[in-house]
Amino acid sequence: MSKKGNILEPHTRLSHSYLWELQKNYFDDKGISAWESEVPFFISSNAYISTRYAQQVIQYILDNYNPNETRPLYIVELGAGTGKFSFYFLKALQRGLKQLNLSDFQFKYILSDVTPKNIDFCRNNEALAPLIESKQLDFALFDLEKDTEFHLMIENKPLSTLTSDYPVIFIANYVFDLSKADAFKVQAGELYEMQFALLTRYKKFDTHKPLMKEVILDHQFVRVSAENYYDSKVLNQMLHHYMEHFRDSENIFVIPVGPVSLMERFKKIAPNFLLVTGDKGIAYPESLNQIERGSLYSFDGCYAFTFNFHGLSLYFKKTGGDALLTKFRNDYKVCLFSSTQAFESLPQTVNFYQEYFETMGADEFCNLNEEFAANAYRYSLKSCFSFLKTSYYEPDTYYHMHDKLMEAMPAITGRFSRDIKEALSRVEENLYHYRTFYDVFSLLGCVYQKAKDFKKAEQMFMQALKYSKSAFLPYRHLGLLYEERGNGNKALEFYKKAHALNKKDILTNNRIAVIEGSASQLIKPLLK
């Protein structure tokens, strides 16, 4: 044991580790709050990447389009979490179909997750309510590691009874790096299994409500026989493929045990399916050489293991399917897999993938967005709005250019002013009802207040009260708004609500004193 701590589990083969159950318990306990501070998700749940996914799906629809088909196309998202990706995806899908005069095309989106708290949050989210009412959105509890059916909660039917030979689209967005895997290396022609022990500094560690940051992984390599290592023929073939590939090296490679098992179960639910999956992983065997012990997994609220896209492609090609793998070595990759159709028979699907995902995918957008966040003050206002448009009006992108807009507003006139109003409207439409760090509702309210659109400003501040992490700033904004409108009593009401949440805020205290006629009291400390 190279690391010290209380042992939760001794060294064990990775796919058999208790780690996977611990992480499931973590998400069950945290629910939606896991993404509020611990688990990052912007790269996989922004307006840009969600729109790209929707556009990719539309190309697949066009490749398989039959005007006489009356059955809906089922699109199933795995591990939907907050539902934010679903929200952006569905808006982009509806918009894209309308642009192609396919508004009548029938589809149903199944938002699935392993955690009941997440499903409950999404089912009760006002932003998703119109999609539920239109019967285009349903929900399902689904455990990727063991479940064999999606039972639709609203339609109250199993998915397998609704699909038969009709294609189904599965979306796995930042999911498979949390699915069971095994890790190995080959040394002198012998196979070594990478085993992991789970340690913690706590003598009494709550495994039902685990603090994953307090779980330490320790590993060792144990020589094992490769003969019939797996019960699955295709997994054994995959293992021997990599053993041969790495015969003369000691590189670590990963076998995607959980995703392969999931594909086997998918084929019983819907034999003909397309899988669109994005994750941090490896797409080509030469890239597997880059996996070292330190890069095999990362920790951001939970443990995520490098996903082997190439291994999953071997599975599909050995079982009558096909794979479309990215040729780039960026961190976050998006790849496509088909259970029955060769991609050469799906020209529009392939063309879109190569023209868009392979030129500016999730990784490229996030790199640019980070640079924009750091340097937006250097941009002209028109350049800021150009990038906002490129982002498909991502609220996070708007947040980083807000100050620039506020500074420039007095000089904005004419056509550009109308363009800005349209852009702000699009940003507002993209505000998902979820408590995030950036209170974009309040920021939009400030813009509308400065433009003297007081009614719209109030609407934004009231929305901010519902969806901000803290109500302090929305209350203070409402106080400023009503004071500007000449309603001192209403302003005082909101200032006092803000004061109750933050008694040290100078601005709030000053405004209360002024309205109550005691501004002179503020001068006394300065005269001492």
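In the block above lies the structure referred to throughout.
A brief report on the enclosed structure follows. (Residues numbered from 1 in each chain as written. Predicted model: local features only at pLDDT ≥ 70, side-chain atom pairs only at ≥ 80, totals over all residues. Heavy atoms only, no water.)

## Considerations on the overall build of the protein
Under the convention used in this document: Strands are runs of DSSP state E lasting at least two residues, helices are runs of H or I lasting at least four, and both sets are numbered from the N terminus onward. Using C-alpha atoms as the atom set, the radius of gyration is obtained and then compared with a globule rule of 2.2 Å times the number of residues to the power 0.38. Burial classification: accessible surface area is computed with a 1.4 Å probe over protein chains only, and a residue below 20% of its type maximum counts as buried, one above 50% as exposed, and the rest as partly exposed. Every residue pair with non-hydrogen atoms within 4.5 Å of one another is taken to be in contact. Positive charges come from Lys and Arg, negative ones from Asp and Glu, while His and the chain ends are left out of the count. The atom standing in for a charge is NZ when the residue is Lys, CZ when it is Arg, CG when it is Asp and CD when it is Glu.
A tally of helices and strands in the protein yields 22 helices and 17 strands. What you see for the protein is a C-alpha radius of gyration of 26 Å, in line with the 24 Å of a compact globule of 528 residues. Along the three orthogonal principal directions, the C-alpha set of the protein runs to about 85 × 65 × 45 Å. Split into buried and exposed, the 528 residues of the protein put 54% on the buried side. The contacts in the protein between residues at least 6 apart in sequence include a share of 72% that link residues at least 24 apart. Charged side chains in the protein number 62 positive and 63 negative. The centres of these two groups are separated by 7 Å.

## So, the state of the cysteines
Stated precisely, the cut-off is as follows: In this description, a disulfide is simply a cysteine sulfur pair whose atoms lie within 2.5 Å.
Under the criterion given, the structure shown has 0 disulfides. Of all cysteine sulfurs, the one in Cys 335 lies closest to Cys 366, which takes part in no disulfide; the gap is 17 Å. Not engaged in a disulfide, the cysteine Cys 446 finds its nearest cysteine sulfur in Cys 384; these two sulfurs lie 17 Å apart.

## Points about the pairing of strand 11 (residues 252-255)
Side chains on a regular strand alternate between the two faces of the sheet. We count it as follows: If DSSP finds at least two bridges between two strands, the strands pair.
Alternating residues of strand 11 divide into Ile 252 and Val 254 and Phe 253 and Ile 255, and every residue in both groups is buried. Summarising the sheet, strand 8 (residues 182-187) and strand 11 pair through 4 bridges and their orientation is antiparallel. For Ala 183, the partnering residue across the bridge sits in strand 11 and is Val 254.

## With respect to the nonpolar core
Our working definition: For our purposes a nonpolar core is just a set of buried Ala, Val, Leu, Ile, Met, Phe, Trp, Tyr and Cys residues, chained together by side-chain atoms within 4.5 Å.
By size, the foremost hydrophobic cluster in this structure holds 178 residues, and its most contacted members are Phe 89 and Tyr 398. Top contributing element to this core by residue count: helix 3 (residues 47-63), with 9 residues. Among residues more than four places away in sequence, those in contact with Phe 89 are Ser 50, Tyr 53, Ala 54, Val 57, Ile 75, Tyr 109 and Ile 171.

## With respect to empty space enclosed by the protein
Stated formally: Using a grid of 1 Å spacing that covers the protein atoms alone, one calls a set of points a cavity when a 1.4 Å probe fits there but cannot get out, and a pocket when the set is open and has protein on both sides within 12 Å along at least five of seven lines; lining residues are those with an atom within 4 Å of a point. Grid points are joined across faces, edges and corners, and a volume is the space filled by probe spheres set on the points. Under the grouping applied here, Gly and all other residues not named as nonpolar or charged are polar, the nonpolar ones being Ala, Val, Leu, Ile, Met, Phe, Trp, Tyr, Cys and Pro and the charged ones Asp, Glu, Lys and Arg.
In the structure shown here, the tally under the stated rule is 2 cavities of 30 Å³ or more. If you trace the largest cavity, you find it lined by Thr 326, Asn 330, Tyr 332, Lys 333, Val 334, Phe 357, Glu 358, Gly 361 and Ala 362. Per-element accounting of the lining of the largest cavity gives the leading share, 3 residues, to strand 17 (residues 332-338). Here the lining of the largest cavity is composed, by residue class, of 4 nonpolar, 3 polar and 2 charged. Of the pockets and cavities examined, the second largest cavity occupies roughly 40 Å³. Residue lining of the second largest cavity: Phe 176, Asp 177, Ser 179, Lys 180, Ala 181, Val 254, Pro 256, Pro 259, Phe 305, Thr 306, Phe 307 and Asn 308, and that is the complete set. In terms of residue class, the lining of the second largest cavity is made up of 7 nonpolar, 3 polar and 2 charged.

## Remarks on helix 4 (residues 84-99)
Selection criterion: What a helix is expected to span follows from its residue count: subtract one and scale by 1.5 Å.
Taking 1.5 Å per residue, 16 residues should reach 22 Å; helix 4 reaches 23 Å between its end C-alpha atoms and fits that length. What helix 4 keeps buried is the set Lys 84, Phe 85, Ser 86, Phe 87, Tyr 88, Phe 89, Leu 90, Ala 92, Leu 93, Gly 96 and Leu 97. After helix 4 finishes, the residue Asn 101 shows a positive phi value of roughly 60°.

## Description of helix 17 (residues 440-450)
Counting buried positions over the 11 residues of helix 17 gives 10, a clear majority of the element. Positioned one or two residues after helix 17, Lys 452 has a phi angle of 65°, which is positive.

## Side note on the packing of aromatic side chains
Convention followed: Here a Phe, Tyr or Trp ring, Trp counted by its six-membered ring, pairs with any other such ring whose centre lies within 6.5 Å, and the pair is stacked when the planes are under 30 degrees apart, edge-to-face when over 60, and tilted otherwise.
Taken as a whole and assessed by the stated rule, the structure comprises 48 aromatic pairs. Every member of this aromatic cluster is reached through a ring pair, and the members are Tyr 53, Phe 85, Phe 89, Tyr 109, Phe 352, Tyr 353, Tyr 356 and Phe 357.

## Side note on the pairing of strand 17
Burial runs high along strand 17: 7 of the 7 residues are buried. Every second residue of strand 17 is oriented toward a common face, with Tyr 332, Val 334, Leu 336 and Ser 338 on one face and Lys 333, Cys 335 and Phe 337 on the other, all of them buried. Relative to strand 17, strand 12 (residues 273-282) runs antiparallel, the two being bridged by 7 bridges. Paired with Thr 277 across the bridge in strand 17 is Cys 335. The sheet contact formed by strand 16 (residues 322-324) and strand 17 spans 3 bridges and is antiparallel. Across the sheet, residue Leu 324 finds its bridge partner in strand 17, namely Leu 336.

## So, the packing of helix 17 against helix 19 (residues 472-484)
What counts here: Angular values range over 0 to 180 degrees, each being the angle between N-to-C directions of two axes fitted as lines to C-alpha atoms, with helices fitted over their stretch in contact. With respect to orientation, any angle under 35 degrees is reported as roughly parallel, any angle over 145 as roughly antiparallel, any angle of 65 to 115 as roughly perpendicular, and every other angle as oblique.
Contact geometry for helix 17 and helix 19: axes closest at 11 Å, N-to-C directions at 10°. By the angle class used here, helix 17 and helix 19 are roughly parallel. When helix 17 is examined against helix 19, the residues Ser 442, Cys 446 and Gln 449 are found in contact with a partner set consisting of Pro 474, His 477, Leu 480, Leu 481 and Glu 484. Its residues placed into classes, the contact of helix 17 with helix 19 shows 4 nonpolar, 3 polar and 1 charged.

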